[in-house]
Amino acid sequence: MFNPWQQWEEFAAGQRALAALGRKTLRRERRVVPDRMNPFTAMSDREFTEQFRLKKESVNDIILKIGDCLPQSTDRRGCRVPPHLQVLLALAAMASGSHQEVIGDYFDVSQTTVSQCLARVASAIAGLIHQYITFPTGNMLHKVIEDFRAIAGMPGVVGCIDCTHFQIIKPPRNDSEIFKCKKGYFSLNIQAICGPDLLFYNIVSRWPGSVDDASIFENSRIHDDLQDGILPGHLLGDSGYSNRQYLLTPLLSPNGPHEERYNASHIQTRNTIDRAFGVLKRRFAYLGKSIRTNLETTKAIIVASAILHNIAVKTRLNMEDDINAVNENLQNNDLNVIENFVEARYDSDEVLQGRLKREQIIREHF
């Protein structure tokens, strides 16, 4: 039997279904915030290395090694900041030296997030120091000695040593004045030893700016290793150090052509540490300015930068090296006072043995 009400209900149901389908089709799509730019895919290899100072493969390797040390983080808007982005934020801050607000705007995160990531990543990378900053051994050490000798004929050199100051803000401590260096600003005095290819073999980053270079060396583990004969050969250092069997310094008053040739060779060979510091500070511009992080984070950033520098050198990521050689005035009376003051800390036998070794090298090689 024909039922008009049933037919109307079926028609109405069909109309409602069509209307619902139309609404679904015409509904504006939900806005989805796009993911932050992925530099690994968005940048060319050259752009990536200019931005982060490392090759993509090297950064991936770092992420794999320290990823577990980086907790899952969120920014102030609750957006997730994964480990790989934390590493990129830290590298961008260290490489560019820009304000953290600028880095944050570029990666669409807050300045606080950049600061937190920089501290975490620097600390995690610094924890890899024994993997990346070590003295070569065996045949590699012999190659280092030969490479140093090829520079200017200086024999038996296993490394060049020096210290450099990194400017910091005044630490909020009662003894903050000990961080003021002789040039009048607050700093950390960082000791490093490098090889002929500008690789860092050792770094000490805990001393305030008022401590002199010789004191840092005397209280370092590498000093004990050299003194005990654990590490063969000798270092080259400037006149801020005392001449020893394991650390040769230039002659302050060279007498004759043999001593002058020794001094010239010493300066030319030791120039590697000056160049290493120069390249480090150019590669990571954050170090070339007054570092404004807290003291422990600053120390970690310096060590992490040295590790990243070594990675860059080992992967043959060269920077334009226009660091001019440092021409020291070896006749300066102030340097003479420094050397005599340093040597006064040692017994006469050790002083004598150091001078005898230097004289032997001059006699046999120059």
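Refer to the structure presented above.
The following paragraphs examine the structure supplied in this document. Model, not experiment: these values are computed from the prediction.

Now for the pairing of strand β4 (residues 187-194). A large share of β4 lies buried, amounting to 8 of its 8 residues. Burial of β4 is two-sided: the residues Ser187, Asn189, Gln191 and Ile193 facing one way and the residues Leu188, Ile190, Ala192 and Cys194 facing the other way are all buried. Summarising the sheet, strand β3 (residues 157-167) and β4 pair through 8 bridges and their orientation is antiparallel. Bridging from a neighbouring strand, Cys163 pairs with Gln191 of β4. Sheet topology note: the β4/strand β5 (residues 200-208) ladder contains 6 bridges and is antiparallel. What sits directly across from Asn189, in β5, is Trp207.

Because each turn of an α-helix spans 3.6 residues, side chains separated by three or four positions end up pointing in the same direction. Residues of helix α3 (residues 45-52) that are buried include every one of Phe48, Thr49 and Phe52, and no others. Viewed along the axis of α3, the buried residues span an arc of 95 degrees, placing them on a single side of the element. Packed against the buried residues of α3 are α2 (39-42), α4 (56-66), α5 (83-96) and α6 (100-107). Immediately beyond the C-terminal end of α3, within one or two residues, lies Arg53, with a positive phi of roughly 65 degrees.

We now examine the environment of Gly209. Here Gly209 shows up in the loop between β5 and α10 (213-218). C-alpha of Gly209 to C-alpha of Lys183: the two residues are 26 residues apart in sequence and 9.5 Å apart in space. Not counting residues within four places of it along the chain, the set of residues in contact with Gly209 comprises His165, Ile178, Phe179, Lys180, Cys181, Ser187, Leu188 and Asn189.

Glancing now at the layout of surface pockets. Empty space left among the atoms is revealed by rolling a probe the size of a water molecule over them. Here the second largest pocket defines a volume of roughly 480 Å³. In terms of lining, the second largest pocket is formed by 19 residues, of which the most central are His130, Ile133, Asn202, Ile203 and Arg221. Sorting elements by how many residues they give to the lining of the second largest pocket places β5 first, with 6 residues. For the lining of the second largest pocket, the per-class residue count stands at 11 nonpolar, 5 polar and 3 charged.

The next point concerns the sheet that holds β3. In spatial order, the strands read β5-β4-β3-β6-β7; together these 5 strands make up an open sheet with mixed pairing. Looking at strand neighbours, the two that pair on one side only are β5 and β7 (247-248), the edges of this open sheet. Bridge count for β3 against strand β6 (residues 234-236) is 3 bridges, and the pairing is parallel. Across the sheet, the residue bridging to Val157 is His234, located in β6. Packed onto the sheet, helix α12 (residues 257-283) meets β3, β4, β5, β6 and β7 and runs at close to 45 degrees relative to β3.

Procedures and definitions
- Residues numbered from 1 in each chain as written.
- Predicted model: local features only at pLDDT ≥ 70, side-chain atom pairs only at ≥ 80, totals over all residues.
- Heavy atoms only, no water.
- Buried < 20%, exposed > 50% of the residue type's maximum accessible area, 1.4 Å probe, protein only.
- Helix = DSSP H or I, 4+ residues; strand = E, 2+ residues; numbered from the N terminus.
- Pairing = 2+ DSSP bridges.
- Arc of directions from axis to C-beta.
- Contact = heavy atoms within 4.5 Å.
- 1 Å grid on protein atoms, 1.4 Å probe; cavity = no way out; pocket = protein on both sides within 12 Å on 5 of 7 lines; lining within 4 Å.
- Points joined across faces, edges and corners; volume = space filled by probe spheres on them.
- Nonpolar A, V, L, I, M, F, W, Y, C, P; charged D, E, K, R; others polar.
- Axes fitted to C-alpha atoms, helices over the stretch in contact; angles between N-to-C directions.

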